[in-house]
Amino acid sequence: MSEDNNDAKTDSQNDGAETPSVEALQEELDKTKKDYLYLRADFDNFKKAAIRERSELVKYGAERVVTELLDILDNFDRALSLDLTSENMGSFKEGLTLTRNEFHKMLSRFGVTPVESEGQPFDPNLHEALSSEETDSMPQGHITQVFKKAYKLHDKLIRPAQVVVAKEMSKKE
C-alpha cells in the first residue's frame with residue numbers, strides 16, 4: 001500500500017465518525033427550515049402586535065388626562081348652572097379659583113409646569129415678543145408683560161410665552 005492510502009485510513013479511523021448520509025442532511029435541513037419559518041412567523045406576529053399597540057397608544061394615550069379633565073369640566077358646569085346674585089358672587093369667584101387650582105395640580109401631575117417670564121431676560125427659546133415698550137422701571141431686554149404664559153411638558157417647551165419686552169427710553173431734548 002502506498003503511504004498516502006495509509007494516511008487516509010489512519011485519518012478516517014481517528015475521526016471515529018461516519019460522514020452523514022444525504023437523508024440525514026436533508027432531515028436536518030428540513031428541521032432548520034421549519035424552525036426558520038416558525039421564527040419568521042413569530043416575528044411577523046410580534047411586528048403586527050407592536051404596530052397595533054402603538055396605534056392604540058396614540059388613539060387612547062390621552063385617556064388619563066381626559067378623565068381628570070372631565071372632573072374639572074364638571075366643576076365648571078356646576079358653577080355655570082348657578083344663578084349669580086350679588087350675595088353669591090364671592091363664593092362663585094372662590095369656586096372658580098379652586099377649580100383653577102385643581103386644574104393646575106392636574107397639569108403638574110402630568111408633568112406640565114408654567115415657566116415664569118415676567119421680569120426675566122427675554123429668551124427667544126422660551127418667549128415670543130409681541131411688542132416692546134419704553135420703560136425705565138425694567139432693564140432693557142427684560143419682560144414687562146406676559147399675555148400668555150409659557151408651559152413645559154417635563155423638560156420640553158410646549159408653548160412659548162407671548163410677551164412685551166422693555167426697551168430704553170428714547171432721549172427727548
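Just so it is clear, the structure is predicted and the values come from calculations on it, not from any experiment. Position numbers for residues count from 1 along each chain, tracking the sequence in the order it is written. Local features in this predicted model are restricted to residues of pLDDT 70 or higher, and side-chain atom pairs are both shown and tallied only at a pLDDT of 80 or more, whereas totals for entire chains, interfaces and linings draw on every residue. Computation of side-chain values covers all heavy atoms of the structure but excludes hydrogens and water.

Caption draft 1: Highlighting the sheet that holds strand E6 (residues 161-167). Only when DSSP finds a minimum of two bridges between them are two strands counted as paired. By definition, any uninterrupted DSSP run of H or I lasting at least four residues is a helix, any uninterrupted run of E lasting at least two residues is a strand, and each is numbered from the N terminus. Within the open sheet, the 3 strands sit side by side as E2-E6-E3. Their pairing is mixed. Here the strands that pair on one side only, and so sit at the sheet edges, are strand E2 (127-134) and strand E3 (143-148). Strand-to-strand, the axes of this sheet are offset by a mean angle of 25 degrees, without reference to chain direction. Note: E2 against E6, 7 bridges, orientation parallel. By the bridge assignment for E6, Ala129 is matched with Val163. In this analysis an axis means a line fitted to C-alpha atoms, helices contributing only their contacting stretch, and an angle means the value between N-to-C directions, from 0 to 180 degrees.

Caption draft 2: A look at helix H4 (residues 89-109). A helix is expected to span 1.5 Å multiplied by its residue count minus one. Between its first and last C-alpha atoms H4 spans 30 Å; for 21 residues at 1.5 Å apiece the expected length is 30 Å, and the two agree. For every residue, the accessible area obtained with a 1.4 Å probe (protein chains only) is divided by the maximum for its type, and the residue is called buried under 20%, exposed over 50%, and partly exposed between those limits. Here H4 has its buried residues at Phe92, Thr99, Met106 and Leu107. Down the axis of H4, the buried side of the element spans an arc of 100 degrees, and every buried residue falls inside it. Every exposed residue of H4 that faces more than 90 degrees away from the buried side is listed here: Lys93, Glu94, Leu98, Lys105 and Arg109. Gly111 lies just past H4 and shows a positive phi near 90 degrees. The directions from the helix axis to the C-beta atoms are what the arc is built from.

Caption draft 3: Local environment of the side chain of Thr135. Structurally, Thr135 can be placed in the loop between E2 and E3. Under the relative-accessibility criterion, Thr135 is labelled buried at 13%. Within polar-contact distance, the side chain of Thr135 engages the side chain of Ser137 at 2.8 Å. With near-sequence residues (within four places) excluded, Thr135 lies in contact with Thr144, Ala166, Lys167 and Met169. Any pair of nitrogen or oxygen atoms within 3.5 Å is treated as a polar contact; in protein, a donor-acceptor pairing is required on top of that, and neighbouring residues in sequence qualify only through side-chain atoms on both sides. Note on definitions: a residue-residue contact is assigned when non-hydrogen atoms from the two residues lie within 4.5 Å.

Caption draft 4: Focus on the pairing of E6. Within E6, 5 of the 7 residues are buried, which leaves the element mostly enclosed by the surrounding structure. Inspection of the sheet shows E3 paired to E6 by 4 bridges, in the antiparallel sense. Bridge pairing in E6 places Gln145 opposite Val164.

Caption draft 5: Geometry of unusual backbone geometry. With a phi close to 60 degrees, His154 is a non-glycine residue in the positive phi region. Looking at the element boundaries, His154 is found in the loop between strand E4 (150-153) and strand E5 (156-159).

Caption draft 6: Expanded view of the pairing of E5. Direction of pairing for E4 relative to E5: antiparallel, over a ladder of 3 bridges. The partner of Tyr151 across the bridge, within E5, is Arg159. Where E4 folds back onto E5 in an antiparallel hairpin, the turn is made up of 2 residues, including His154, whose phi is positive at roughly 60 degrees.

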